[in-house]
Amino acid sequence: MAEINIKDMLASYDKKNLTIATVCSHSSLQIFNGARKERLKTLGIAVGEKKKFYDAFPLGKPDEFLIVDNYKDIAKHSEELREKNVIVIPHGSFVEYLGAENFLKLDIPTFGNRNVLMWESDRNKERKWLEGAGLTMPKEIKDPHNIDNPVIVKYHGAKGGKGFFIAKTYEEFSRRIETNKSFTIQEFVMGTRYYLHYFYSPIQDNAYKLSKGSLQLISMDRRDETTIDEVQRLGSIAELEELGIHPTFVVTGNIPIVMRESLLPRVFEMGEAVIEKSLKLFGGLIGSFCLETVVTEDLEFKVFEISARIVAGTNPYISGSPYSELIQPDMSTGRRIAQEIKYATKQNSLDKILT
Ligand code: ATP
């Protein structure tokens, strides 16, 4: 990271001619659509051939494509991309396809603080950050012999909940665990899930004010996960488990949701605490982030994960959410990112939101 000097890279940029680029997956339709609404140029990075399905969505299609053989090759095109004044908008798949190391080294101006990756991808550091901010996380069970309530077992590095399983006893755990993989055991929190989509601007003071900059709540969703979310159509989970059918947590889509209004002050307090702590720990998270939470019957939030960039759960809101409508009509997270880039360009402070 240290060798990337964002000011040097930006020095040669034609600021009136910026191009928003991302990998063609995840939330790219929304990112391109948001940039288009802000009259910024767009470029889609795809492997093999241009993604045909974009032709069906003219308002979500990038102005041009960069076709690479492998996502790991993006760095080979960095000079060409910089000549096009590209600003990269990373999303979950972008980082995963490129690999964390390549992402950190990518010498193209990138929206957000890349240092956050170290803190969100290491479960111990993530806990230090979130608990240090005063948030409640699900309890961690260090010794599987101590399982005496339902737990969720998470394999490290598994994406989108793949391979996760529920156990209620040590016996159940030991029957299902794949011992060759590293894992974490967490209390399975009973309640309802809310995935909260925030936007933090370190350079604008026109929203919920923090010690530096301000915070917005753009939208929220609930993930649709197969098979856990619909398995009950076939019978109770206990019945099915007896037959050897176990629920899984693979994300297949996202469902729009709102929460009772009396919980919103807490939502902002949590967002604020996460940002303030990030400023102390690593210079601050920038832009979009998501707290993945379960609200218990006592109306307490338990936060089981943070995603430190645009999440796919924002996709239901391409033309705005019940929350973003109260900020500005027709504003998605993708559009909000484009607006932040435009604002920073006008203020000559792009280096404060890009790394
Ligand atoms: P991603 O990186 O895509 O966010 P992941 O693979 O890191 O996903 P998690 O988000 O931690 O996985 O968990 C996947 C799913 O498992 C969640 O969306 C949620 O439904 C469920 N889940 C995770 N932790 C808990 C918990 N402690 N209690 C109840 N359910 C949980």
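All figures in this text were calculated on a predicted structure; none of them were measured in a lab.

### Concerning the packing of aromatic side chains
Stage number 1. Evaluation of the coordinates by the stated rule reveals 16 aromatic pairs.
Stage number 2. Their ring planes at 15° and their centres at 4.8 Å tell us that Y71 and Y97 sit as a pair that is stacked. Of this pair, Y71 sits in the loop between β3 (64-68) and α3 (78-83) while Y97 sits in helix α4 (residues 92-98); the two residues are 26 residues apart in sequence, bridging distant segments of the chain.
Stage number 3. For Y71, a relative accessible area of 12% gives the class buried.
Stage number 4. Classification of Y97 as partly exposed rests on a relative accessible area of 30%.
Stage number 5. Taken together, the aromatic side chains of F32, F53, Y54, F57 and F65 make up a single cluster linked through ring pairs.
Stage number 6. Over the face of the ring belonging to F103 we find R114, whose NZ or CZ atom lies 5.8 Å from the ring centre.
Stage number 7. In this structure, K181 is placed above the aromatic ring of Y155, and the distance from its NZ or CZ to the ring centre is 4.7 Å.

### Description of the domain arrangement of the chain
Quoted interface sizes are often the accessible area lost when the parts come together.
Stage number 1. Each assigned domain of the chain is listed with its residue range as follows: domain 1 (6-134 + 191-224 + 257-352) and domain 2 (144-189 + 225-251).
Stage number 2. Computed over C-alpha atoms only, the centres of domain 1 and domain 2 are separated by 30 Å.
Stage number 3. Counting from both sides, the interface comprises 12 residues of domain 1 and, opposite them, 14 residues of domain 2.
Stage number 4. With both sides pooled, the region where domain 1 packs onto domain 2 buries about 1,000 Å², and carbon together with sulfur makes up 45% of that total.
Stage number 5. The residue D229 makes a salt bridge to R193 at a minimum N-O spacing of 3.2 Å.
Stage number 6. Taken together, the elements giving at least two residues each to the side of domain 1 that touches domain 2 come down to α7 (123-132), β8 (192-201), β10 (214-227) and β13 (301-307).
Stage number 7. Along the lines of polarity and charge, the residues of the side of domain 1 that touches domain 2 split into three nonpolar, two polar and seven charged.

### Overview of the sheet that holds strand β6 (residues 165-167)
Stage number 1. If you walk across this open sheet you meet the three strands as β6-β5-β7, and the pairing is antiparallel. Here the strands that pair on one side only, and so sit at the sheet edges, are β6 and β7 (183-187). Neighbour-to-neighbour, the strand axes of this sheet turn through a mean angle of 30°, independent of strand direction.
Stage number 2. Examined bridge by bridge, strand β5 (residues 151-155) and β7 share five bridges and lie antiparallel to one another. Opposite I152, over in β7, you have Q186 as the bridge partner.

### Section: the nonpolar core
Stage number 1. Grouped together as the largest cluster of nonpolar side chains are 45 residues, with contacts concentrated most on I74, I89, F111, I341, L350, I353 and L354.
Stage number 2. Counting residues per element, this core draws most heavily on helix α11 (residues 333-346), at four residues.
Stage number 3. For I89, the contacting residues outside a window of four places in its chain are I20, A21, T22, I31, F94, F111, I337 and I341.
Stage number 4. With 35 residues, the next largest nonpolar core counts L210, I257, F268 and V303 among its residues.

### Examining the sheet that holds strand β4 (residues 86-88)
Stage number 1. Ordered by their spatial adjacency, four strands build an open sheet running β3-β2-β1-β4, and the pairing between neighbours is parallel. The outermost strands of the open sheet, each flanked by one partner alone, are β3 and β4. On average, each strand axis in the sheet is inclined to that of its neighbour by 30°, with strand direction left out of account.
Stage number 2. As defined by bridge partners, strand β2 (residues 41-47) adjoins β3 across five bridges and the pair is classed as parallel. When the bridges of β3 are listed, I45 appears paired with L66.
Stage number 3. Across the sheet, helix α2 (residues 28-37) is in contact with β1 (19-23) and β2; its angle to β1 comes to roughly 175°.

### As for unusual backbone geometry
Stage number 1. A cis amide bond links T226 with the next residue in sequence, T227, at an omega value of 10°.
Stage number 2. Among the structural elements, T227 can be located in strand β10.
Stage number 3. Of note, N85 is a non-glycine position whose phi angle comes to about 60°, a positive value.

Definitions and cut-offs
Sequence order sets the numbering: in each chain, residues are counted from 1 along the sequence as written. Totals for whole chains, interfaces and linings use every residue, but because this is a predicted model, local features are given only for residues with pLDDT of at least 70 and side-chain atom pairs only at 80 or more, for both listing and counting. Just so you know, side-chain values use all the structure's heavy atoms and leave hydrogens and water out. In summary, the pairing rule links any two rings of Phe, Tyr or Trp, Trp by its six-membered ring, whose centres are within 6.5 Å, and it sorts them by plane angle into stacked for under 30 degrees, edge-to-face for over 60 and tilted for everything else. Only DSSP runs of H or I with at least four residues qualify as helices, and only runs of E with at least two residues qualify as strands; both kinds are numbered from the N terminus onward. Accessible area is worked out with a 1.4 Å probe on protein chains only. A residue is then buried under 20% of its type maximum, exposed over 50%, and partly exposed in between. Note on criteria: charge over ring means Lys NZ or Arg CZ within 6 Å of the ring centre, with the direction from the centre no more than 35 degrees off the ring normal. Annotation comment: domain bounds sourced from an automatic or database domain assignment. Residue contacts are counted whenever heavy atoms from the two residues lie within 4.5 Å of one another. Throughout, the accessible surface (probe 1.4 Å) given up by two parts as they are put together, summed over both, is called the buried area. The salt bridge definition used is simple: a Lys or Arg side-chain nitrogen within 4 Å of an Asp or Glu carboxyl oxygen. Just so you know the grouping, Ala, Val, Leu, Ile, Met, Phe, Trp, Tyr, Cys and Pro go in nonpolar, Asp, Glu, Lys and Arg go in charged, and all remaining residues, Gly too, go in polar. DSSP bridges decide pairing: two strands pair if at least two such bridges lie between them. Axis geometry follows a simple rule: fit a line to the C-alpha atoms, using only the stretch in contact for helices, then measure angles between N-to-C directions, giving values from 0 to 180 degrees. As used here, the term nonpolar core means buried Ala, Val, Leu, Ile, Met, Phe, Trp, Tyr and Cys residues forming a set that is joined through side-chain atoms within 4.5 Å.

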